[in-house]
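Spelled out from the first residue to the last, the chains are:
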Amino acid sequence: MSNAFAPRPFDEFDDEFDLDAGYAAPGAVMSTETGADFQSIEAPAVDPRPALQFTAPAAPAPAVQPVREFPSDDASVPGAGFNPVGELVAGASAAFSPPALGGGQTAEVSVPRIAIHVFAERQDTLAAAERAGQDRRLSRATTQIRIGGVAAAVEAYQHEPTPPLIVVECMKDPQTLLWEVDQLAEVCDAGTKVVVVGATNDILLFRELMRRGVSEYLVAPLQPLQLIAAIGGLFADPAQPFVGRSIAFVGARGGTGSSSVAHNTAYAMSERIGANTVIVDYDLPFGTAGLDFNQDPLSGVADALSQPDRLDPVLLDRMMVRCTDKLSLFAAPATLDTDWDISPEAFEEVTTQIRSTAPFVVLDLPHLWSGWMRRTLIAADEVVIVATPDLASLRNAKNMIDLIRQGRPNDAPPRLVLNQVGVPGRPEIPAKDFGAALGVHPSLIIPFDPKVFGAAANNGQMILDAGAKSKSAEAFQTLAQIVSRRELPLIAGPRGKAGKGEGKSMFAGLFKKKS
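Residues numbered from 1 in each chain as written. Predicted model: local features only at pLDDT ≥ 70, side-chain atom pairs only at ≥ 80, totals over all residues. Heavy atoms only, no water.

J.: Just to check I follow, could you spell out the pattern of salt bridges for this structure?
T.: The tally for this structure, following the rule as stated, stands at 20 salt bridges. Across the pair Glu-121 and Lys-172 runs a salt bridge whose closest N-O atoms are separated by 3.6 Å. Of this pair, Glu-121 sits in the loop between strand E3 (115-120) and helix H3 (123-133) while Lys-172 is found in the loop between strand E5 (165-170) and helix H5 (174-185), placing the two residues 51 residues apart along the sequence. For Arg-322, the salt bridge is made with Asp-317, and the minimal N-O distance between the two is 3.9 Å. For Asp-317, a relative accessible area of 44% gives the class partly exposed. In the salt-bridge network here, residues are joined through shared partners; they are Asp-135, Arg-136, Arg-137, Arg-355, Asp-381 and Asp-411. (Salt bridge = Lys/Arg side-chain N within 4 Å of Asp/Glu carboxyl O. Helix = DSSP H or I, 4+ residues; strand = E, 2+ residues; numbered from the N terminus. Buried < 20%, exposed > 50% of the residue type's maximum accessible area, 1.4 Å probe, protein only.)

Okay, here's the thing in structure tokens:
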């Protein structure tokens, strides 16, 4: 909201709006519950302003006007607490994300370091706000949750300054809601953004709240992701039209080939799907991204981590190595001359800055454990754990998945990729048993193919170039579609048909007609 949240005159609606209901009279007594105390706030008996009406009768009104019924939070009222629009909004992301791609995701948002105060009346709203405050997307913000609605906020801000964002809940009728919003405006500082949660699903009420300076209006019951998306939309940076999707690849143990999987997946996303992608190699002493792409290892990541406050788009572009038209690389210096004692805040800031440069950012994480590793895994939009079918990988993968699930309660579990499956003479844990022990079904199984992988590594090539017709190349194309949530574009082949292996969608088999 560009303007300050300030009281506005009680205006009537425009004539072209349709009228179908009248609201409570201004002199009605309103009950407000704040904490354990119950108090009554009586509106002024004489109000010089006309009563708010969303409709005006075309003919003289009868003695008793029919009033439209609105949802009530009283359990005794039929349909209480049911909000079909709220349920649809809360589950929109799941509806548009196929199960194969992992539903339940929300748009990528970035909330700055701000204070957020929530004043809620309903228990489910308190629970949703508390769960949203623990989400990774609000990790930089400080969330304070209090019991009570608008009246509690008015009382609190008479003695303390207002934060950048206030979320208040009012389950009363629209007339009372607007009156309480006016009272809140009297004690709010300039520039404060206000999100109102109410019970009435009405576009005219929404417009009237926008006139009064309210930033957003949500209809209860709330879902955590719904509240997170609303907050993220309010603080979106106009200078950065999008926030790239970060995909973290980590190995369950050393030698699983997570770096090779990360690099080949990123290459498939850029070359086969056509999405601009950036690879960030955070294995500073032993990173292999420069070798895999046959590039000289510049100190791009190290320079960025040493001066995170000075980063801007121009400086980031100079630090990156452009491998192809759509793939850029932040290579690790791969030197042991420095101890690389870098704070977790620096990693977080660099990752945030890089996410503004491309739609997809692939994070190649080393096999180590530290504070910045924990924060990076939890903050990533998607986590891919690469494991081999052995006991050590099973144990470490379980520990990682349990930690990530606990730190990301509103996100889908990490994805599991089994690599180097089918090594001759090596006893292996079956993929079905491996996934059952972790509670995560493997998203992809990459067969053991030493000739193709060895030739690609020695020549500084990707599998899609060294062995385009191999099963491994097809596996990386599939994984690229899964983590990017995009399908391969259709490429016309001879006689107007798609060429073999070109434009092959991972969902194509679902729509084939059975003979």
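J.: It is not clear to me how the environment of Asp-325 should be interpreted in this structure. Could you clarify?
T.: Relative to the elements of secondary structure, Asp-325 occurs in the loop between strand E10 (321-322) and strand E11 (327-330). Overall, Asp-325 belongs to the exposed group, its relative accessible area being 72%. In the structure, Asp-325 is positioned 48 residues away from Thr-277 in sequence and 9.8 Å away in space, judged by C-alpha atoms.

J.: I tried to follow the pairing of strand E4 (residues 142-147) on my own but got confused; where do I start?
T.: Two faces belong to every sheet, and in a regular strand the side chains alternate between them. With 6 bridges joining them, E3 and E4 adopt parallel strand pairing. The residue of E4 that forms the bridge with Ile-116 is Thr-143. Between the parallel elements E3 and E4, the chain passes through H3 in a crossover that is right-handed. (Pairing = 2+ DSSP bridges. Right-handed = clockwise from strand over helix to strand, strands pointing away.)

J.: Even after reading the chapter, I still don't get the sheet that holds E11, so can you show me in this structure?
T.: Sheet strands associate in pairs through backbone hydrogen bonding, adopting either a parallel or an antiparallel arrangement. The 8 strands lie next to each other as E10-E11-E9-E12-E8-E13-E14-E15, forming an open sheet whose pairing is mixed. Either end of the sheet is taken by a strand with one partner, and the two such strands are E10 and strand E15 (444-447). Where strand E14 (residues 415-421) meets E15, 3 bridges bridge the pair, whose relative direction is parallel. The partner of Val-421 across the bridge, within E15, is Pro-447.

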